[in-house]
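Overview (structure and organization)
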Amino acid sequence: MIQIKNLSTVAAPYVAQVSHKPRKNYKPPIQRGYISGRPMLELVNVTKKYGQAIAVNGVSLSIPAGSMVAVLGRSGAGKSTLLRMINRMAEPTSGEVLWQGKSVLQLRGSALRAWRARCGMMFQQFNLSPRLDVLTNVLVGSVSRRPTLQTLIKYFPPHERARAVLELHALDMADLALQRAGTLSGGQQQRVAIARTMMQLPDLVLADEPIASLDPANAETVMSALSSISRERGITVLVNLHSLEIARTYCPRIIGMAKGKVVFDGSPKQLDAAMVEKIYGRRKSAELALAPAVSTALSSIPTGEVA
Ligand SMILES: Nc1ncnc2c1ncn2[C@@H]1O[C@H](COP(=O)(O)OP(=O)(O)OP(=O)(O)O)[C@@H](O)[C@H]1O
Ligand SMILES: [Mg+2]
């Protein structure tokens, strides 16, 4: 029997089915032996055009393994497009995306599917199945690594169930394993979405405004969960945010985008008023200086509408 402190009685039977004995305090291993700090993800002069409009314009970035990076910018700055090109939901018009030195733009068929599985995507909408229980929602994350038939009949082997419970436990959510996902608060649902993403054993988490619909307390819980994932597991996390303050608090590196270009790339300390102005424009940055708390609402005003 596995001993895990505070694991709920609801969750315990699933964990008990595991034949091997995990460590007492569950901390998943650093992913696939990566050395934290080594460049893992590289974007070289990446551009995305939609007709004549340029969504992302010649972006070059080098992101080490295990980084926690915020991407900031006004609405329409190109943040989502940037993330989507990394997992190939959007194809760059030109440029190169490399993972561990190898192009991901050349991947086709099963190799492309495998790459997508290595990129955990998270969104503002949690994309859970509200009628299914929390545990089943989390187990869906392991689908890419299981035979199709097992998925169709919703057969999840005991060791996967145990891992799903442990992932929930790591996010303080194991007590709710058998509750219907639709009955949870937004913050709880987003934590379920994180646990589901972790079931993919991702190398990279691409989170597109994961806290945009959460209240401040839930936003902090979700951001600190993402931060732990990056620190403790060596997973690279790229997170699009509207809140300057949240980016400063949780992300040691901040990338600022404006009109498709990277206009800032540095630490929270380096993000001074002049840099904020570069990212958001003059009026917006003045407003931020007066009232940081309103940054989330203001930054949703599209590029061009504010001088
Ligand atoms: N599928 C598409 N077809 C045409 N234009 C698009 C498409 N996707 C994005 N764009 C355009 O590309 C630009 C960048 O969009 P993107 O969604 O990346 O911005 P964003 O920074 O994520 O904005 P927001 O903060 O509002 O989410 C915008 O001008 C947008 O209208
Ligand atoms: Mg977006």
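What comes next is a walk through the structure.

The rules behind the values
- Residues numbered from 1 in each chain as written.
- Chains lettered and ligands numbered in written order.
- Predicted model: local features only at pLDDT ≥ 70, side-chain atom pairs only at ≥ 80, totals over all residues.
- Near = placed C-beta within 6 Å.
- Helix = DSSP H or I, 4+ residues; strand = E, 2+ residues; numbered from the N terminus.
- Nonpolar A, V, L, I, M, F, W, Y, C, P; charged D, E, K, R; others polar.
- Pairing = 2+ DSSP bridges.
- Axes fitted to C-alpha atoms, helices over the stretch in contact; angles between N-to-C directions.
- Parallel < 35°, antiparallel > 145°, perpendicular 65-115°, else oblique.
- Left-handed = near helix turned anticlockwise from the far one by under 90°.
- Contact = placed C-beta atoms within 7 Å.
- Core = buried A, V, L, I, M, F, W, Y, C linked by C-beta atoms within 7 Å.
- Buried ≥ 20, exposed ≤ 12 C-beta atoms within 10 Å, placed from the backbone.
- Arc of directions from axis to C-beta.

Further remarks concern the site of ligand 1. In the vicinity of ligand 1, the residues found are Tyr-50, Ala-53, Ala-55, Gly-73, Ser-75, Gly-76, Ala-77, Gly-78, Lys-79, Ser-80 and Thr-81. Looking at the shell around ligand 1, the elements with two or more residues in it are strand 2 (53–64) and helix 2 (79–86). For the shell around ligand 1, the element with the highest residue contribution is helix 2, accounting for three residues. Its residues placed into classes, the shell around ligand 1 shows four nonpolar, six polar and one charged.

Our next topic: the pairing of strand 10 (residues 261–266). Where strand 9 (residues 253–258) and strand 10 come together, five bridges link them in antiparallel fashion. Pairing of Ile-254 across the sheet is with Gly-266, part of strand 10.

Running from N to C, helix 7 (residues 186–199) and helix 8 (residues 216–233) point in directions that differ by 15 degrees, and their axes come no closer than 9 Å. On the basis of the axis angle, helix 7 is roughly parallel to helix 8. Where helix 7 crosses over helix 8, the two elements pack in a sense that is right-handed. Facing helix 7, whose interface residues are Gly-186, Gly-187, Gln-190, Arg-191 and Ile-194, helix 8 presents Asn-218, Thr-221, Val-222, Ala-225 and Leu-226.

This part covers the sheet that holds strand 6 (residues 119–123). Pairing is mixed in the open sheet, where six strands are placed in the order 6-7-8-3-9-10. The two strands at the open ends of the sheet, each matched to only one other strand, are strand 6 and strand 10. For this sheet, the mean angle separating the axes of adjacent strands, direction not counted, is 20 degrees. Across five bridges, the pairing between strand 3 (residues 68–73) and strand 9 is parallel. Its bridge partner lying in strand 9, Ala-70 is registered against Ile-254.

Below, the discussion takes up the nonpolar core. Counting residues in hydrophobic clusters, the biggest one holds 82 residues, and the most contacted among them are Ala-70, Leu-168, Ala-195, Leu-226 and Val-237. Leu-168 has contacts with Val-134, Val-138, Met-173, Ala-174, Ala-177 and Ala-195, leaving out every residue within four places of it along the chain.

In this section: helix 10 (residues 273–280). Taken residue by residue, helix 10 has Val-276, Ile-279 and Tyr-280 as its buried positions. All buried residues of helix 10 lie within an arc of 80 degrees about the axis, which places them on one face of the element. A positive backbone phi angle near 95 degrees is found at Gly-281, which sits one or two residues after helix 10.

Right, let's talk about unusual backbone geometry for a bit. Unlike most non-glycine residues, Arg-88 shows phi in positive territory, near 70 degrees. By secondary structure assignment, the location of Arg-88 is in the loop between helix 2 and strand 4 (94–99). We classify Arg-88 as partly exposed; it has 16 C-beta atoms within 10 Å. A positive phi angle is found at Glu-209, which is not glycine, with a value near 50 degrees. Along the chain, Glu-209 turns up in the loop between strand 7 (204–208) and helix 8.

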